[in-house]
Amino acid sequence: MDPTEARLQKLRGRAMPRNHNARTISALATNPGCGRRALMDAAGADKQKLAAYTGYPAPFGQSQFAIVRGNAFEAQVKENGAAQLLSLLREQLRLDITEAHYSDLGDVGGNETSEVRHARTKRLLTTVDEKQGTMFDHPLLRLRVGGRHAYLEPDLIAFQLHGKCHVVEIKSFAVIDGQADPAKVAAAAIQSAVYVLALRDLLGEHKVHDETILVCPENFSSKPVATPVDVRRQLTVVKRQLSRIARIEDLLGCCPDDLTFDLEADENGIPRRPAREVEAAIRQVPANYAPECLSTCELCYLCRDEAHGTTAALGKPVREELGGIEYVRTVLDLARGAAPPPETEEVAAQLIRAAGIRAALL
Amino acid sequence: MTLLTALARALAAETGRAQPIRTVRHVHLCDRPLVLIPLQLAGEACAPLAAMVGDDRDKPRMLTVYEPRDRTQRFDFAADLADVVLGYIDSYTTADPPSEGPYPDAPQLLVPNDGGVSFTRLLSRSTRFRRTEGEYAVRHTVPLLGRWLNFYSERCEAPASALLLSMTAVLADHWATGQSATEDASLASLLGWIDPPPGMTGAAAARAAEDPVRCPPAGPATDPSFDNEVLAVRIAAIRTARASGDGAALHRAQLAMEAALRTQLEPTWELMWRAVGLLRVLPPGGHVQDRWQADRRAFTGHVRWLREGGAPAPRRDGAVPAARKLAILERDAQRLAVQRAFDDPLVLAEYRLTGEAFAGVVVDAQPDRLDTSGKRAKLRPRITVATGDEVVAEPGVKLVSSTRPKQNAVVVAVTDDGPDTRVVLELEGGMGHSLVPPQGSVPAVGETVTYTTLRDDFQPVPTFPEIADTPWTHGGPPSAYVPKDEDATEEWS
């Protein structure tokens, strides 16, 4: 085992590693400056459990109604060798497919390692009959994140036709009169872009389409509708953000050797280490909190607590309007006439004027 | 985000209490608004689960869908909601629409957040095309409710309209909290900052409000743990009771589900009325009534349209109505910005910081000054304003004062005077026709004035072709929209 892998395993402790998925990668890509998230994800640490144990339970969860509905819709589209999906691709996207083979790569017996499964995905995807369309369900992909391979178990179908691959994503949010919730579409597009990148890593740059296919229920029914989504812009964004994530080795270099997020439990299922100790361990790795984390990262409340008193906690627009000054305290001191350092003279003058006007009017 | 609001957020973070960012209320608030809090089943596009609705704080009406996936029960919910909403609207239209002008007042809908607005729009979409006879018939009030909800959600897109308001949006527009906009989307958290319970800071109240057990979300999405731990059990009990044919058990199970949902709705109901109370204390801005009049006109127009048997709004606008709507929205957004600045010195202050306005004291005035350079003498008073604000306006630029919007002030000279700047202005208009200005029409020495480049001029909406003349570039004239069978029988599953 290479030393980095050993360090990461130590960080994770005895917990089962959690694999990356497109959701975690896109969350990481929205905040590439967060070393804490990058490191914990690379180690496969269970952030949700850690957050709950340290007293900062994640503010989001999934309703079983949403899960049931999502699974039912997906199962329906994939039923009978993805018959519904095939007719969608034929009729709505006018793809010239006479027949298509459906192959579920998620069906594996035994405890194969990610490397083995990935190798099989690669073998199957690169040796298909080009004349016939093939749909590969649950391929195991891999992507370089922070200089290391992260395995992805995406819930997607890689649809291969005439030697080119399309990413097909099945989502259960509705498209009503041709329009869907923009936030959900944006999230789906970013996730698809992550898959396109990973597939390109596997098959080569020109073997994967930058137009992905989004399958959603139409209007208020459960009838599927397919929409082509051009993800070229998202590809650029994800690539740029991934390149900004620090190298995992560098992040490890800044941490003490004995750092671990281990939650080993005693015979009653209660972690042996006190919560405060675990929290202190987490705080050893610097984070980069932004309010956007509140909807994407399980540790957000812990980091928000830490960011108390910073302008970043008030949101990027506020921080920018305040000239990028880091602390609320500094902002208010400047507004009350404290002598500014040379680089904030202009902001300070504006703040004094704003504070003066506010005071005069209220 | 403006510097003043950012500063107010910093102050709120320091003091632990929300800070006012407006001196007046910029939206109209009815004497008797209708509060509507919808809940929907997670994972579905628009599956109503429950609602609390009413115009009397002490008498909320609660509606529950015991089997949210059952089509018939959804339409029963829509019909029950229609009874309340249409009953409320009807109380404003007891007389026929006036032959000229709008009704004296209009009904106003308040929902907790933007999600509530979206729910209103989706519920309208899934009900307004339904038929009241034949196969898949629904109660006659269902499509009518859909058409009203469509009217309200469409008006909500107009920035100046107050017919349907999202409470978090209105509150966040009037107060700055010491948290981010993301967190402000929670009604309970926002109100925690603005109006914390005695002995608690706003910051602490907002944090406490993040506990979904203590403060359930304000909908339409429910708390996932509530779904998993409570609601799922209640729905399962109803299914079991129904399957067993035990009427008494079914009734008990239904009561239990209703009680569970009530715990999710009641806290928000209280928050909504508390918010109404907080807003009512603020004096309304000067232009609020003008904008409400436009709302009343729109409302009256819709009553007329319905009474004359007009068709429901199509699923999507055609090219001409869409272009016209967009032009009106843009014009209104601009006018709204100017009106808000004129109504509220704190809003105007934002323009002072960017150099688009300056405030100062009149230090010299020549109210009787005549311009005799032409054939006839013209009344052109001059005033000199001393201001500490930054002045970017150059000679020749036309300004107006928020208190005398009909009077133009042309910049004649701008000179530095120590820490102050002196601006000489030549006034024109708003002084009658004689050569002597009426009392008060020219700012007097010692008066505090604000001049700005903002103008509340009437901008006519550009003319668009008739629908029948839609150019080929935009698909040519569309065929008239007639609700089709498929609209009426569309699945709602």
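Since we're looking at a predicted model, the values are computed, not measured. (Residues numbered from 1 in each chain as written. Chains lettered and ligands numbered in written order. Predicted model: local features only at pLDDT ≥ 70, side-chain atom pairs only at ≥ 80, totals over all residues.)

1. Observations concerning the overall build of chain B
Inference 1: The helix and strand tally for chain B stands at 14 helices and 15 strands.
Inference 2: Seen along its three principal axes, the alpha-carbon backbone of chain B occupies a region of about 95 × 65 × 45 Å.
Inference 3: For chain B, buried positions account for 42% of its 493 residues. (Helix = DSSP H or I, 4+ residues; strand = E, 2+ residues; numbered from the N terminus. Buried ≥ 20, exposed ≤ 12 C-beta atoms within 10 Å, placed from the backbone.)

2. Remarks on the overall build of chain A
Inference 1: A count of helical and extended segments in chain A gives 14 helices and eight strands.
Inference 2: Summarising its shape, the C-alpha atoms of chain A cover approximately 75 × 55 × 40 Å along the three principal directions.
Inference 3: Residue burial in chain A is summarised as follows: out of 362 residues, 41% are buried.
Inference 4: Relative to all contacts within chain A whose residues are 6 or more apart in sequence, the contacts with residues 24 or more apart total 64%. (Contact = placed C-beta atoms within 7 Å.)

3. Looking at the domain arrangement of chain B
Inference 1: Taken domain by domain, chain B holds domain 1 (3-313), domain 2 (318-344 + 456-484) and domain 3 (357-452).
Inference 2: The distance between the C-alpha centroids of domain 1 of chain B and domain 3 of chain B comes to 48 Å. (Domains from an automatic or database assignment.)

4. What to know about the domain arrangement of chain A
All names here are of chain A.
Inference 1: Each assigned domain of chain A is listed here: domain 1 (3-60 + 243-288), domain 2 (64-241) and domain 3 (312-361).
Inference 2: Centre-to-centre separation of domain 1 and domain 2, based on C-alpha positions: 29 Å.
Inference 3: Between domain 1 and domain 2, the contact holds 19 residues from the first and 18 residues from the second.
Inference 4: Mapped onto the side of domain 1 that touches domain 2, the elements with two or more residues apiece are α2 (22-30), α3 (35-43), α8 (232-244) and α9 (248-253).

5. Brief notes about the packing of helix α9 (residues 224-244) of chain B against helix α10 (residues 247-281) of chain B
All names here are of chain B.
Inference 1: The interhelical angle for the contact between α9 and α10, taken along N-to-C directions, is 160°, at an axis separation of 8 Å. Judged by the angle between their axes, α9 and α10 are roughly antiparallel. Where α9 crosses over α10, the two elements pack in a sense that is left-handed. Between α9 and α10, the residues in contact are F226, V230, L231, R234, I235, A237, I238, A241, R242 and S244 and A249, L250, A253, Q254, A256, M257, A260 and Q264, respectively.
Inference 2: Considering only residue class, the contact of α9 with α10 consists of 13 nonpolar, three polar and two charged. (Axes fitted to C-alpha atoms, helices over the stretch in contact; angles between N-to-C directions. Parallel < 35°, antiparallel > 145°, perpendicular 65-115°, else oblique. Left-handed = near helix turned anticlockwise from the far one by under 90°. Nonpolar A, V, L, I, M, F, W, Y, C, P; charged D, E, K, R; others polar.)

6. Let's talk about the interface of chain A and chain B
Inference 1: Between chain A and chain B, the residue contacts involve 39 residues of the former and 44 residues of the latter.
Inference 2: At the level of elements, α5 (64-91), α12 (316-321), α13 (328-335) and α14 (345-361) of chain A are the ones that each hand at least two residues to the side of chain A that touches chain B.
Inference 3: A total of eight residues in the side of chain A that touches chain B trace back to one element, the largest contributor, which is α14(A).
Inference 4: Residues belonging to the side of chain A that touches chain B are distributed by class as follows: 23 nonpolar, 11 polar and five charged.

7. Observations concerning unusual backbone geometry
Inference 1: The peptide bond linking G219(B) to P220(B) adopts the cis configuration, its omega dihedral lying at -10°.
Inference 2: When you line up the elements, P220(B) lands in the loop between α8 (202-208) and α9.
Inference 3: For N80(A), which is not glycine, the phi torsion reads 50° and is therefore positive.
Inference 4: Residue placement: N80(A) occurs in helix α5.
Inference 5: With a phi angle near 50°, H138(A) is a residue other than glycine that sits in the positive phi range.
Inference 6: Looking at where H138(A) falls in the secondary structure, it is placed in the loop between β2 (133-137) and β3 (141-145).

8. A few points about the sheet that holds strand β11 (residues 382-387) of chain B
Residues and elements named next belong to chain B.
Inference 1: Strand order in this closed barrel of six strands is β8-β11-β14-β13-β12-β15, and the pairing throughout is antiparallel. Neighbouring strand axes in the sheet, compared pairwise and without regard to direction, differ in orientation by 45° on average.
Inference 2: Pairing between strand β8 (residues 357-366) and β11: six bridges, direction antiparallel. Residue pairing in the sheet places V361 in a bridge with A386 of β11.
Inference 3: Its contacts with the sheet put helix α13 (residues 345-354) on β8 and β15 (448-452), and the angle it makes with β8 is roughly 90°. (Pairing = 2+ DSSP bridges.)

9. Some thoughts on the pairing of strand β7 (residues 211-217) of chain A
Residues and elements named next belong to chain A.
Inference 1: The buried fraction of β7 is high, at six of seven residues.
Inference 2: Regarding the hand of the β-α-β motif, the stretch spanning strand β6 (residues 164-170), helix α7 (residues 182-203) and β7 is right-handed.
Inference 3: Between β7 and the antiparallel strand that follows it, strand β8 (residues 224-230), lie six residues; N219 among them carries a positive phi value of about 50°. (Right-handed = clockwise from strand over helix to strand, strands pointing away.)

10. Quick notes on the sheet that holds β6(A)
Residue and element names in this part refer to chain A.
Inference 1: Read from one edge to the other, the open sheet built from six strands follows the order β1-β2-β5-β6-β7-β8, with strand pairing classed as mixed. Both edges of this open sheet fall to β1 (100-104) and β8, since each of them pairs with a single strand only. Each strand of the sheet is rotated relative to its neighbour by a mean of 25°, with strand direction disregarded.
Inference 2: Of the strand pairs in this sheet, β7 and β8 are connected by seven bridges, and their pairing is antiparallel. Along β8, the bridge assignment pairs I213 with P228.
Inference 3: Strand contacts of α7: β5 (156-161), β6, β7 and β8, with the helix running at about 150° to β6, the strand carrying the most contacts.

11. Considering the packing of α14(A) against helix α1 (residues 3-15) of chain B
Inference 1: Running from amino to carboxyl end, α14(A) crosses α1(B) at an angle of 80°, the nearest separation of the two axes being 10 Å. Classed by the angle they form, the pair α14(A) and α1(B) counts as roughly perpendicular. Contacts between α14(A) and α1(B) involve Q350(A), L351(A), A354(A), A355(A) and R358(A) from the first element and L3(B), L4(B) and L7(B) from the second.
Inference 2: A class-by-class count of the residues in the contact of α14(A) with α1(B) yields six nonpolar, one polar and one charged.

12. A short note on α10(B)
All names here are of chain B.
Inference 1: Helix length check: α10 (35 residues) gives 50 Å between terminal C-alpha atoms against 51 Å at 1.5 Å per residue, within 8%.
Inference 2: Its axis deflected by about 30° at T263, α10 carries its strongest bend there, up to four residues before the proline P267.
Inference 3: For α10, the set of buried residues is A253, M257, L261, Q264, L265, T268, W269, L271, M272 and A275. (Expected span 1.5 Å × (residues − 1). Bend = angle between axes of the 7 residues up to and from the residue.)

13. Description of the pairing of strand β12 (residues 398-401) of chain B
All names here are of chain B.
Inference 1: As judged from the four bridges shared by β12 and strand β13 (residues 404-417), these two strands associate in the antiparallel manner. Paired with L399 across the two strands is A409, which belongs to β13.
Inference 2: The sheet contact formed by β12 and β15 spans two bridges and is antiparallel. Residue pairing across strands places S401 opposite Y451, the latter belonging to β15.

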